[in-house]
Amino acid sequence: MIASKLKEAILSLRPGRVTLKYPFEPHDPEGDFRGYPELDTDKCIGCGGCAAVCPARLIMIQDIDQNTRRLVRLLERCIFCGRCADVCPEDAITMTKRFELSTDSGREDMVAECEVFMATCQRCTRCYEPPTPLDRIMEPGFRDDEIKRGGQDSPYEPVKSE
Amino acid sequence: MFKELCQKSFPKSLWVYHCNVGACNGCDIEVIDVLTPYYDAERFGIKLVASPRHADVLLVCGPVTRQVVPALKRLYDAVPDPKLVIAIGSCAVGGGIWFDSYNIVGGADTILPVDYYIPGCPPRPEAILHGIAVALGLAEKEIESVHLKQLPDRPESVPVEVEGS
Amino acid sequence: MNAQQLGENVKQKFGAKVIDFETLGSDQLYVTISPDSLVEVAEYLYRNEGCRYVINGGTDRRQQRDAFLITHFFAQDEEKIYVAIHTEVEPDNPQVDSITPVVPAANWSERETYDMIGVVPVGHPDPRRLVLADDWPEDLFPLRYDVEHGVKPPPVEGLAPERLEPPEGASVVPIGPYFPVLEEPAYFRVFVEGETVVGADYRGFYCGICGYVHSCSYCQAVERAAGIEVPERAEYIRTIMLELERLESHMLWLGIAGHIIGFDTVLMQTWRMREPLMWLCERISGNRKTYGMNLVGGVRRDIKPEMYDDVRNVIDKIGEEWAELAGAIPGDTTLITRLQGTGILTTETARELGAAGPTARGSGLAIDVRVDHPYAAYDRLEVTKCVHDSCDNLARVLVRIEETLDSIKIIHQALDEMPDGPIMAEIDEELPAGRQAMSAVEAPRGEVFHWVLTGTENRPERWRVRAPTYANLQNVPPMLEGNALADVPISIGSYDPCFSCTERMEVVDVNSGQVRVYTEEEFRAEYDQPRDE
């Protein structure tokens, strides 16, 4: 009994104080951490491949006029899997090391949108020939007009804040 | 203003009731991890309590399932005022990958007024500590919404309408 | 014996009642039988062929075959075979014979199949609702294809679930809404006489936290169905990640177990030892817990040769400390008195109710998917089955402690033998539709089982998952009987009950709703008085 307790005490005491100083000192992730996915607008060609593979279906693509395509990313429900960065043909998406994403002003802070200039083909006014990743967006579940926010169609009454 | 009020109301230690409303356990484990030696949230007076009646803060993990909605409302009522609600993890923040499943109602703010959001899948313990630090006024939030354009001088366009926002 | 021979045995025994059988390799057998012979065939497999029950699933195949497909899955561990028994049920009269009277382990999954696709198990001893919310409409079955994805019926207030009545003279102690020490939703009603437990009713539903095992199992099933060859290096990487996850999970569990019996030092110290492992996983995969490395065809990230030493250092350090801890536990009377002789789950009950993983091995059942049905690189590695036969909480603790040390050895061996090469198979075309395959992985908590029926457009038509805790929690009521009330938390905790996994990334199936956890009764039970007076 006593021998066991002694062993346990030694085991517990040996490492000494291990507590990290975070948040007063930074403790950044090592390796290829998958944090906030940043989109480089200059590289994005608006192909929509990221929207097609996103498991959380948080990327909405709208063509707002002849030359402009808008990508709205509702990163509030992003699971940081990094598939968008994997499939991007232009490497426009990078998984950064940013992980301090807490906010006190609502989930709007996690919305990222970008407008991409789409040069159209002079002859046919289309950008690509089918089938392109864009056509895949038209598959059920990936249609841009269907993207919803979590809780949007909840049948329950929320609790009101006093 | 509300934020200042919160910080004034909770000058010292926050007692936390942790409730899982359908989470996969990833976030729950990170919440416990925050209390273990390497992160030791008790430095900030954070203490997990076993009853919502003793709590100042409700930590919500997971997407809200249909079955927990009545329970969650009662739980919220049971926490004495003033109270804070913190949503931890992508599921509690926005419904996660389950947001449109038949059995999921949505993120925590579908049912409760949420004060702080900590996204991540699961958030690192450091991210949770950062969230607590933001709540305690020790740190500032480091994120805001992003609006980028390839052609900055394009004439004014219609603002984006995200349904349900 | 292989799958072909087992199929012929069944065919010979039941003749025309067996409509057809097919095999996939030498280890997977799919038998289609007529509905009236379901109970006989299940009983034959269970009693005569030594099969263990796995799970039951229902598929809506009205579009393809004008029928509901009901499937029961069995495992024959000695012969390394998985068996699926398909029965087609007419949609006009959706009824099928229940096999629970002859195979008790089928209890929950038959109830769940009714909830999800509405095929009534006739003769089921306890046909209460299992998985759907209390205010879910009676006639809406979410896994039927004519029910819209994400349907949200309006709420109904004030409905309570049906509960079992306690035996006469016993009082009810509710444990829940949130399992008090783990803060996880689960609701047990424990029936007590004095301080001794005489019975229990349980409703809840768990899955593993094991983020890697499910994605691995799913990918293996799809690869098997589509005939994709996974590169050898990818198999080794999967093995290493699976073992790292087992290490992480067992360490976590021992800490929680210590916390449950009020010995918080164990919690703090094991989690301290575990933290470098979490950082290691973050370096390898980019996330501490949801590794996100599996894809159909291989893995997304490589473990680079310069990382090998890093891995070895971390696990060796853990191994040293863990061995010391393992040496200290048998002499620690605090732990021994709480663990020894409590929470007895006999070998017979464990087999009857289909226990899995360390729970089964702590009850003397030598089953381990890594050895019985090898997958990934396990057929090339030395894996020891850690079995204890004292059937109590202590046995389950010892099994996990030994497995942790064994895992470290496996990782070393895998690192030594890992070949160079690609980590992803090239997949050019669309995966074929209408193929099926089963796949199992030994999660830290027991056997994870996936069955996939492929559909068009690279999507699964049906995907059935069984998490180990699903099987293990059905063993809770018999185990609690005869225990003191104070031993209930650690006994439940000794199964390592856990939530659904965090990682089902590539597919958002209607199925996903199945792994949710249901918690309502809890507050009703605890705060039953109306609050607005």
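Residues numbered from 1 in each chain as written. Chains lettered and ligands numbered in written order. Predicted model: local features only at pLDDT ≥ 70, side-chain atom pairs only at ≥ 80, totals over all residues. Heavy atoms only, no water.

(A) Up close: the environment of C:S98. All names here are of chain C. Within the secondary structure, S98 is located in the loop between β6 (95-97) and α4 (107-117). Relative accessible area serves as the criterion here: at 5%, S98 is assigned to the buried category. Between the alpha carbons of S98 and A443 there is a distance of 29 Å; along the sequence they are 345 residues apart. Residues in contact with S98, not counting those within four places in the same chain, are V39, E110, P121, V122, G123 and H124. Within the structure, the side chain of S98 is placed 3.2 Å from the backbone nitrogen of T100, a separation counted as a polar contact. At 2.5 Å, the side chain of S98 and the side chain of E110 are in polar contact. (Helix = DSSP H or I, 4+ residues; strand = E, 2+ residues; numbered from the N terminus. Buried < 20%, exposed > 50% of the residue type's maximum accessible area, 1.4 Å probe, protein only. Contact = heavy atoms within 4.5 Å. Polar contact = N/O pair within 3.5 Å; in protein donor to acceptor, adjacent residues only side chain to side chain.)

(B) Seen up close, the nonpolar core. Within the largest apolar cluster, 140 residues are counted, with the highest numbers of intra-cluster contacts made by C:F74 and C:L244. At 15 residues, helix α6 (residues 232-260) of chain C tops the list of elements feeding residues into this core. With near-sequence residues (within four places) excluded, C:F74 lies in contact with C:A42, C:L45, C:Y46, C:C51, C:R52, C:Y53, C:V54, C:I81, C:Y82, C:V83, C:I85 and C:I99. With 38 residues, the next largest nonpolar core counts A:L39, A:L58, A:M60 and B:I143 among its residues. (Core = buried A, V, L, I, M, F, W, Y, C linked by side-chain atoms within 4.5 Å.)

(C) Expanded view of the side chain of A:R70. Residue and element names in this part refer to chain A. Note that R70 resides in strand β3 (residues 68-74). You can call R70 buried: its relative accessible area is 3%. Polar side-chain contacts of R70 include one of 3.1 Å to the side chain of E115.

(D) Region of the structure containing the packing of aromatic side chains. Overall, the coordinates contain 14 aromatic pairs over all chains when judged by the stated rule. With centroids separated by 6.3 Å and ring planes inclined at 40 degrees, the aromatic side chains of A:Y22 and A:F99 adopt a geometry described as tilted. Note that A:Y22 is positioned in the loop between α1 (2-13) and β1 (37-39) and A:F99 in the loop between β4 (93-95) and β5 (111-117), a separation of 77 residues in sequence. Judged by centre distance (5.3 Å) and plane angle (80 degrees), the ring pair of C:Y53 and C:F74 falls under edge-to-face. Of this pair, C:Y53 sits in strand β3 (residues 52-61) while C:F74 is found in strand β4 (residues 67-76), placing the two residues 21 residues apart along the sequence. Here the two residues C:Y53 and C:F74 agree in accessibility, since each one is buried. The lysine or arginine in question, B:R124, covers the ring of A:F33, its NZ or CZ lying 5.3 Å from the ring centre. In this structure, B:R124 packs its charged tip against the face of A:F99, placed 4.6 Å from the ring centre. (Phe/Tyr/Trp six-rings, centres within 6.5 Å; stacked < 30°, edge-to-face > 60°. Lys NZ or Arg CZ within 6 Å of the ring centre and 35° of its normal.)

(E) Fine view of helix α7 (residues 264-285) of chain C. All names here are of chain C. With 22 residues, α7 ought to run about 32 Å at 1.5 Å a step, and its terminal C-alpha atoms sit 30 Å apart, in line with that. The principal kink in α7, of about 30 degrees, is found at R274, preceding the proline P276 by one to four residues. Buried residues dominate α7, accounting for 18 of its 22 residues. Taken from the residues just after α7, G286 is the one with a positive phi, measuring 95 degrees. (Expected span 1.5 Å × (residues − 1). Bend = angle between axes of the 7 residues up to and from the residue.)

(F) View of the pattern of salt bridges. Residues and elements named next belong to chain C. Following the criterion strictly, the structure yields 52 salt bridges over all chains and no others. Where D146 meets R62, a salt bridge forms, and the shortest distance between an N and an O atom there is 3.2 Å. Taken together, the positions of D146 in the loop between β7 (120-122) and β8 (171-175) and R62 in helix α3 (residues 62-65) put the pair 84 residues apart, joining distant regions of the chain. Under the relative-accessibility criterion, D146 is labelled exposed at 56%. (Salt bridge = Lys/Arg side-chain N within 4 Å of Asp/Glu carboxyl O.)

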